[in-house]
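Take a look at the letters that make up each chain.
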Amino acid sequence: MGCCYVVISIFLCFSLALCYLTFVVSIDVGGNLHKNGKITTLSRSLPLPFTQKNKFPDDMSNTISHYAMWHTELGKAYGLRAEMSIWGSQNEEYSQESGAAIQMYCQDDGGKYSLIEAGFHVSPSLYHNRDVRFFTYSTKDTKSPGCYNLQCTGFVPASGAALLPGQAIAPQSSYGETDRYIRLSLNKDPNSKDWVLYRHDLDAPSFLGHFPGQLCPGTLQIQALTGFVNYLRNTQGPPMGSGHFPDDEDEKKSAYFKHVKIYDSKGHAWDPITTHMVPLVDKEDCYNETDFTVKINRGYIFYYGGPSGCIG
Ligand SMILES: *[C@@H]1O[C@H](CO)[C@@H](O)[C@H](O)[C@H]1NC(C)=O
């Protein structure tokens, strides 16, 4: 009998995402860039086309940001769901950030974009270590710096949420060995009109919290799935994703977004069969992505990433 219990538990570990991720107890919610009187100039600039016509203010021009993204065209949008792989970065430097996120850019009547997003990142300047952290971010104007986690009024965590902004998660994927992921959704609640965030890889969908509707107003949005890096000008870039280019299309070697679904106005999620997805890679010799395709057992998927050492 003993043999069978062993077999069953191993089988469960391979078949349940639940087994893949446990959460580190230490929570450093709302990490602060200005802690200890140190001011970090690292902030993020956002990609074309969201800032194309805008010049960044001086305090943002110190930062280089790169993206490997697939996004929808500007139009009515109600949200995305995806399984995102979790990768750490052991050698991330203080003023570097690497991560992946589901993003919602909302255009107001004046053509200005606000942004809400949720995902995972490594950000030593924010947390003073290299843990992989769940994060949220919002800015009312993509021309201005926004805020992470609970730094300002933005994301509202659900009470007793299974994952809090700034919470560290482990274990992460390991190159050539293991693939760890989490399934998140960010969609517009048809009743409250708030943007609700759920985690879907537990027994039942788990409500993590919401971005109040007015943080991402208007009727026109661009929704995006992206890997990103930020680092100081005149320094070299950190790794994105697994730290490898996505050429292998192997979940144990390349970061990915898979089982990508798109929400309709009633809050139902569908395969994005008829959705036109647009690639956005702003430095493909450093950070690249694959086509957005459909694969057996993976649904709609793309892989992305690149090594450290990017210049420019
Ligand atoms: C980036 O990826 C695209 C699509 O897979 C590929 O055609 C292109 O050659 C890649 N670029 C570099 C610099 O490797």
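Parameters at a glance
- Every chain is numbered on its own, with residues counted from 1 as its sequence reads.
- Residues qualify for local features only when their pLDDT is at least 70, as the model is predicted, and side-chain atom pairs are given and counted only at 80 or more; totals for whole chains, interfaces and linings, by contrast, use all residues.
- To obtain the side-chain values, all non-hydrogen atoms of the structure were included, while hydrogens and water were left out.
- Numbering of helices and strands starts at the N terminus; helices are DSSP runs of H or I of at least 4 residues and strands are runs of E of at least 2.
- We call a residue buried when its accessible area falls under 20% of the maximum for its residue type, exposed when it is over 50%, and partly exposed in between, using a 1.4 Å probe and counting protein chains only.
- The criterion used for residue contact is that any of the two residues' heavy atoms lie within 4.5 Å.
- Note on areas: Shrake-Rupley, 1.4 Å probe, and residue coverage restricted to the protein chains presented here.
- Each Phe, Tyr or Trp ring, with Trp reduced to its six-membered ring, pairs with another whose centre is within 6.5 Å; inter-plane angles below 30 degrees give stacked pairs, above 60 give edge-to-face pairs, and intermediate values give tilted ones.
- In this scheme, Lys NZ or Arg CZ marks a charge over a ring once it lies within 6 Å of the ring centre and within 35 degrees of the ring normal.
- In plain terms, two cysteine sulfur atoms within 2.5 Å form what is called a disulfide here.
- Each polar contact in these results corresponds to two N or O atoms within 3.5 Å; when the atoms are within protein, one needs to be able to donate a hydrogen and the other to accept it, and residues that are neighboring in sequence are counted only if both atoms are side-chain atoms.
- Note on terminology: near, applied to a residue and a molecule or strand, indicates that one of the residue's heavy atoms is within 4 Å of it.
- The score called pLDDT rates the predictor's confidence residue by residue, from a low of 0 to a high of 100.
- The definitions used throughout rest on a 1 Å grid laid over the protein atoms alone, on which a cavity is an enclosed set of points accommodating a 1.4 Å probe that cannot get out and a pocket is an open set flanked by protein within 12 Å on both sides along at least five of seven lines; lining residues are those having an atom within 4 Å of a point.
- Grid points are joined across faces, edges and corners, and a volume is the space filled by probe spheres set on the points.
- Any residue that is not Ala, Val, Leu, Ile, Met, Phe, Trp, Tyr, Cys, Pro, Asp, Glu, Lys or Arg is counted as polar, Gly included; the first ten are nonpolar and the last four charged.

A. The arrangement of the overall build of the protein in detail. Helices and strands together make up the secondary structure of the protein, namely 3 helices and 19 strands. Counting across all 312 residues of the protein, residues that qualify as buried make up 52%. Taking as baseline every contact in the protein between residues at least 6 positions apart, the subset at least 24 positions apart corresponds to 70%. Accessible surface for the protein amounts to roughly 13,900 Å². Of this, 53% is attributable to carbon and sulfur atoms.

B. Focus on the packing of aromatic side chains. The full count for this structure, using the stated rule, is 14 aromatic pairs. Between the aromatic rings of Phe-120 and Phe-134, the centroid separation amounts to 6.0 Å while the plane-to-plane angle is 50°, which identifies the pairing as tilted. One end of the pair, Phe-120, is in strand S5 (residues 113-122); the other, Phe-134, is in strand S6 (residues 132-139), with 14 residues separating them in the sequence. Overall, the relative accessible area of 4% leaves Phe-120 in the buried class. Residue Phe-134 is classed as buried on the basis of its relative accessible area, which comes to 0%. The ring of Tyr-127 has Arg-133 lying over it, and the distance from NZ or CZ to the ring centre is 4.6 Å.

C. Just the state of the cysteines, in detail. Scanning the model with the defined rule gives 3 disulfides in all. Disulfide partner of Cys-147: Cys-152, at an S-S distance of 1.6 Å. What makes Cys-152 partly exposed here is its relative accessible area of 31%. Here Cys-286 is linked by a disulfide to Cys-310, with a sulfur-sulfur distance of 2.1 Å. Residues Cys-286 and Cys-310 are joined by a disulfide whose S-S torsion is about 85°; by sign, that bridge is right-handed. Taken together, the residues Cys-286 in the loop between strand S16 (277-281) and strand S17 (288-289) and Cys-310 in the segment after strand S19 (299-305) connect sequence positions 24 residues apart. Residue Cys-310 is classed as buried on the basis of its relative accessible area of 2%.

D. Geometry of the side chain of Ser-185. Mapping Ser-185 onto the fold places it in strand S10 (residues 181-188). Given a relative accessible area of 0%, Ser-185 falls into the buried group. A polar contact of 2.7 Å, which involves the side chain of Ser-185, links it to the side chain of His-200. Setting aside chain neighbours within four positions, we find Ser-185 in contact with Leu-80, Arg-81, Ile-102, Val-196, Leu-197, Tyr-198, His-200 and Tyr-263.

E. Spatial organisation of the site of the ligand. Every residue near the ligand is listed here: Glu-284, Asn-288 and Glu-289. Note that an oxygen atom of the ligand is positioned 2.4 Å from one of the side-chain N or O atoms of Asn-288. Bound to the protein, the ligand loses 41% of the 360 Å² it would expose on its own.

F. Just the confidence of the model for the protein, in detail. Residues at a pLDDT of 70 or more form 81% of the protein, whose mean pLDDT is 85. Low pLDDT, under 50, characterises residues 1-41; the predicted model gives this stretch 70 contacts beyond four residues in sequence or across chains. Confidence over residues 52-58 falls short of pLDDT 50; this stretch has 5 contacts with residues more than four positions distant or in other chains.

G. Local environment of the layout of surface pockets. In this structure, the largest pocket spans a volume of roughly 360 Å³. Lining of the largest pocket is provided by 23 residues; of these, Gly-88, Ser-89, Gln-90, Asn-91 and Pro-239 occupy positions nearest its centre. Broken down by class, the residue content of the lining of the largest pocket amounts to 4 nonpolar, 17 polar and 2 charged.

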